[in-house]
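# An overview of the molecular structure
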Amino acid sequence: MAKVKFTDAEILSVYGNKGFRAREIAQDALGQEKTTYFKVWGNFSYQVGDVVTVTGDLSSRVEESQDQDGNPKLDREGKVVRYAALHVNNAQVTSEAPF
C-alpha cells in the first residue's frame, strides 16, 4: 500500500465520527493548478472549512457518481458515471490552527 501526504487540504464534508471528504489544490510539474479530492477514514473532530495536513495509506476504488437525491448520474449515452475515488486509511491528521 502506498503512503500519501496531502498538505493544506480543505475539509468539504464530514461523515460524523467516520471521517471526512477533502480537497487539495496544488501545482503539477507544469505549474498548472490541480485539484485532488479524497476521503479520510477515522474518528476526527474537524469541521467543514478546516485546513489540515493528512498522511496515511492510500487506496482507490471505483465508485458511481450520484446526484444530490442519491440517484446515479448518467452520461450522454445513458450509462452510469464511474470514477476512481481516493481513500486514506490509518490517517494522521494535523492542523496549524492558532488555538
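Use the structure listed above.
Residues numbered from 1 in each chain as written. Predicted model: local features only at pLDDT ≥ 70, side-chain atom pairs only at ≥ 80, totals over all residues. Heavy atoms only, no water.

### What about the overall build of the protein chain?
For the protein chain, the count of helices and strands is 0 helices and 5 strands. The order of helices and strands in the protein chain, counted from the N terminus, is β-β-β-β-β. Taken over the C-alpha atoms alone, the protein chain extends approximately 50 × 35 × 25 Å along its principal axes. Residues counted as buried form 25% of the 99 residues belonging to the protein chain. Taking all contacts inside the protein chain whose residues are at least 6 apart in sequence as the whole, residues at least 24 apart take part in 58%. Entry remark: accessible area of the protein chain is about 7,200 Å², with carbon and sulfur atoms responsible for 45%. Across the protein chain, the 12 positively charged side chains and the 14 negatively charged ones have centroids separated by 5 Å. (Helix = DSSP H or I, 4+ residues; strand = E, 2+ residues; numbered from the N terminus. Buried < 20%, exposed > 50% of the residue type's maximum accessible area, 1.4 Å probe, protein only. Contact = heavy atoms within 4.5 Å. Areas by Shrake-Rupley, 256 points an atom, 1.4 Å probe, with all protein chains shown as cover. Lys, Arg positive; Asp, Glu negative; His and termini not counted. Charge placed at Lys NZ, Arg CZ, Asp CG, Glu CD.)

### Comments concerning the nonpolar core
Counting residues in hydrophobic clusters, the biggest one holds 13 residues, and the most contacted among them are Phe-20, Phe-38, Val-40, Val-52, Val-54, Val-88 and Val-93. For this core, the secondary-structure elements that each account for two or more residues are β1 (2-14), β2 (19-27), β3 (33-41), β4 (51-64) and β5 (82-95). Here this core gets 4 residues from one element, more than from any other, and that element is β1. Sequence-distant contacts of Phe-38, that is, excluding residues within four places in its chain, are made with Phe-6, Ala-9, Phe-20, Arg-21, Ala-22, Arg-23, Glu-24, Val-54, Leu-86 and Val-88. (Core = buried A, V, L, I, M, F, W, Y, C linked by side-chain atoms within 4.5 Å.)

### Focus on the sheet that holds β5
Taken in spatial order, the 5 strands close into a barrel running β1-β2-β3-β5-β4, and their pairing is mixed. Neighbour-to-neighbour, the strand axes of the sheet open up by a mean angle of 55 degrees, direction not taken into account. Bridge analysis of β1 against β4 gives 7 bridges, and the strand direction is antiparallel. Across the sheet, the residue bridging to Ala-2 is Leu-58, located in β4. (Pairing = 2+ DSSP bridges. Axes fitted to C-alpha atoms, helices over the stretch in contact; angles between N-to-C directions.)

### Side note on the pairing of β5
Examined bridge by bridge, β3 and β5 share 3 bridges and lie parallel to one another. Residue pairing across strands places Val-40 opposite Val-88, the latter belonging to β5. As judged from the 12 bridges shared by β4 and β5, these two strands associate in the antiparallel manner. Directly across from Asp-57, in β5, lies its bridge partner Asn-89.

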